[in-house]
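Given next are the chains, with one letter for each unit.
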Amino acid sequence: MEMTGNIVILTGAGCSAESGIDTFRDGGGLWEQHRVEDVATPEAYERDPALVQRFYDMRRAAIQTKAPNAAHHALARLEREWDGGTVTLVTQNVDDLHDRAGSKNLIHMHGEHLSAWCTACDTRMGWTATLIEGPPCPSCGAAALRPDIVWFGEMPYRMEEIHDALRDCDIFVSIGTSGAVYPAAGFVRLAREMGAHCLELNLERSQGSAWFHETRLGPAGDIVPAWVEELVGPD
């Protein structure tokens with residue numbers, strides 16, 4: 001692999017699994033006998049806001065008990081020490097483990113559990129408490145706060161920035177993703193069409209594995225630090 005150039009890294013659930021964060025569809029895609037789609041769509045929120053808020057309140061609380069793992073720390077180190085170009089980290093994960101590990105040039109394309117969005121004044125703010133009681137928005141006072149999460153049927157955040165980074169990257173790396181959720185599943189195609197070297201780091205081959213020049217299999221906590229050491233040397 002060329003050891004210079006701009007790097008774009010996409011991370012998915014497999015990057016956080018070793019920190020003890022459940023994937024969104026653990027347990028057969030059910031939560032309290034509800035399909036995941038029943039707690040993760042705008043229609044579900046309109047139909048039963050208390051159910052949706054309870055689901056996200058529980059996940060928000062759980063995430064605050066977890067810690068970044070070796071993969072998160074390795075990616076933060078790569079950003080600090082890579083002098084061959086820029087490192088842009090795009091995550092599908094809604095936890096804050098990349099942030100806590102020290103990553104700065106970071107895009108949360110699916111939103112963040114530790115953030116709330118006021119649908120009345122369109123303000124987004126850090127939030128660690130519950131939302132089910134309908135607390136007032138600190139900015140406008142309206143009881144209109146919802147999880148700052150991209151639900152099924154909603155547009156992921158900062159897509160224009162992501163596409164610009166993909167068009168300008170020399171190396172594209174996908175870590176711990178299924179290759180099944182669009183638009184993220186299509187990033188490798190765009191990067192490859194623009195001439196980037198594409199590397200997959202995953203526990204098993206993803207649905208889009210054929211688009212990558214190279215696939216390395218194993219736990220993220222092992223293979224991500226090993227790859228970073230190849231680029232910037234031993235820690």
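Above this note sits the structure.
Here is what the cut-offs are and how they apply
Residues numbered from 1 in each chain as written. Predicted model: local features only at pLDDT ≥ 70, side-chain atom pairs only at ≥ 80, totals over all residues. Heavy atoms only, no water. Helix = DSSP H or I, 4+ residues; strand = E, 2+ residues; numbered from the N terminus. Buried < 20%, exposed > 50% of the residue type's maximum accessible area, 1.4 Å probe, protein only. Lys, Arg positive; Asp, Glu negative; His and termini not counted. Charge placed at Lys NZ, Arg CZ, Asp CG, Glu CD. Salt bridge = Lys/Arg side-chain N within 4 Å of Asp/Glu carboxyl O. Pairing = 2+ DSSP bridges. Axes fitted to C-alpha atoms, helices over the stretch in contact; angles between N-to-C directions. Right-handed = clockwise from strand over helix to strand, strands pointing away. Contact = heavy atoms within 4.5 Å.

**Q** Which residues make up the overall build of the protein, and what values go with them?
**A** When its secondary structure is counted, the protein shows eight helices and eleven strands. Overall size of the protein, expressed as C-alpha extent along the three principal axes, is 50 × 35 × 35 Å. When the 235 residues of the protein are sorted by exposure, 51% land in the buried category. The average position of the 19 basic charges and that of the 35 acidic charges among the side chains of the protein differ by 3 Å.

**Q** I'd love a proper account of the pattern of salt bridges, names of residues and values included.
**A** With the rule as written, the count across this model stands at twelve salt bridges. Two residues, glutamate 81 and arginine 77, come together in a salt bridge whose shortest N-O distance is 3.2 Å. One end of the pair is glutamate 81 and the other is arginine 77, both in helix 4 (residues 70-81) and four residues apart, which spans about a single turn. On the basis of relative accessible area, glutamate 81 is assigned to the partly exposed category, the value being 36%. Overall, arginine 77 belongs to the buried group, its relative accessible area being 5%. Taking the shortest distance from any N to any O, the salt bridge between arginine 216 and glutamate 230 comes out at 2.8 Å. Here arginine 216, found in strand 11 (residues 214-217), pairs with glutamate 230, found in helix 8 (residues 220-232); they are 14 residues apart in sequence, far enough to count as distant. By relative accessible area, glutamate 230 is classed as partly exposed at 42%.

**Q** Which residues make up the sheet that holds strand 7 (residues 124-126), and what values go with them?
**A** If you trace the three strands from one edge of the open sheet to the other, you get 7-6-8, paired in antiparallel fashion. A single partner strand is all that each edge strand has here, and the edge strands are strand 7 and strand 8 (145-149). This sheet shows a mean twist of 45° between the axes of neighbouring strands, independent of strand direction.

**Q** I'd like to hear about the pairing of strand 9 (residues 171-175), residue by residue, with values.
**A** The element strand 9 is largely enclosed, with a buried count of five among its five residues. Of the two faces of strand 9, the one carrying Ile171, Val173 and Ile175 and the one carrying Phe172 and Ser174 are both buried. Direction of pairing for strand 1 (residues 7-11) relative to strand 9: parallel, over a ladder of five bridges. What sits directly across from threonine 11, in strand 9, is isoleucine 175. For the crossover from strand 9 across helix 7 (residues 187-193) to strand 10 (residues 197-202), the handedness is right-handed.

**Q** Summarise the sheet that holds strand 4 (residues 87-91); cite the residues concerned and give the values.
**A** Strand order in the open sheet formed by six strands is 5-4-1-9-10-11, with parallel pairing between adjacent strands. Unpaired on one side and paired on the other, strand 5 (106-108) and strand 11 mark the two borders of the sheet. Direction aside, the axes of adjacent strands within the sheet are offset by 15° on average. Two elements, strand 1 and strand 4, share five bridges in a ladder whose sense is parallel. Residue isoleucine 9 lies in a different strand from strand 4, and its bridge partner there is leucine 89. The strands touched by helix 4 are strand 1, strand 4 and strand 9; relative to strand 1, the strand with the most contacts, the crossing angle is about 165°. Relative to strand 10, helix 8 is tilted by about 145°, and along the sheet it contacts strand 1, strand 9, strand 10 and strand 11.

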